[in-house]
Amino acid sequence: MNKSMLIGSVLGAVAVTAGGAYATYSLVGGPSYAEVVAVKPIKETVKTPRQECRDVTVTKRKPIKDDNRIVGTAVGAVVGGLLGNQVGGGNGKKVATVAGAVGGGYAGNKTQEHLQQNNTYTTTERRCNTEYDISEKVAGYDVSYELDGKVRTVRMDEDPGRRLQLDDQGRVILSQVVR
């Protein structure tokens, strides 16, 4: 056998084997794909809490030491009684003293109440509120693909790219993303 014939026979065998492999691959099928026609990101709103604090000036009432205003009532009664005692004579003087004591006691009570309500001090307090930062994140993708002349949609975690791989029964393999 000459050299040319041997080379020709080898090349012919290689061509026949390659052609047979391609035909078998086409018939049996390698991986098949569905063409992606649209990808729509699905977004969700995320609210992230944070503390917003500021210092504010606050006016507060000082603690009351004499809730019943006994000191004001007593001082007012004594002063009112002394003033009432200066009026009139005899039984009129006694009535004026009692009336002055009662009126002075009432006036002293009210005066102390007014002073206690206006007895305030100013301080600074830290006040905090919860504020929310709002952002969006992609939660997934609605992927429309064409298979057997029909457009179908599937939700996926990732953008699949141009095509989706199919299994041997023609169903989309969702766990594999083909770029």
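What this report covers is the structure whose coordinates are included nearby. Computed from a predicted structure; not experimentally measured.

Here we come to the pairing of strand 2 (residues 120-147). Here 26 bridges tie strand 1 (residues 32-61) to strand 2, and the two strands are oriented antiparallel to one another. Each residue of the ladder has a partner; that of Glu-52, found in strand 2, is Asn-129. The pairing of strand 2 with strand 3 (residues 150-156) spans seven bridges and is classified as antiparallel. Paired with Val-143 across the bridge in strand 3 is Val-154. Where strand 2 hands over to strand 3, the hairpin turn is made up of two residues, of which Asp-148 adopts a positive phi near 55 degrees.

The next subject is the state of the cysteines. Tallied over the full model, the rule gives one disulfide. Here Cys-53 pairs with Cys-128 through a disulfide, and the sulfurs are 2.0 Å apart. In this structure the cystine formed by Cys-53 and Cys-128 twists about its S-S bond by roughly 110 degrees; its chirality is therefore right-handed. Placement of Cys-53 in strand 1 and of Cys-128 in strand 2 is noted, with a sequence separation of 75 residues between them. A residue is classified by how much of its surface remains accessible, and Cys-53, at 34% relative accessible area, is partly exposed. Take Cys-128: its relative accessible area is 38%, and that puts it in the partly exposed class.

What counts as what
Residues numbered from 1 in each chain as written. Predicted model: local features only at pLDDT ≥ 70, side-chain atom pairs only at ≥ 80, totals over all residues. Heavy atoms only, no water. Pairing = 2+ DSSP bridges. Helix = DSSP H or I, 4+ residues; strand = E, 2+ residues; numbered from the N terminus. Disulfide = S-S within 2.5 Å. Buried < 20%, exposed > 50% of the residue type's maximum accessible area, 1.4 Å probe, protein only.

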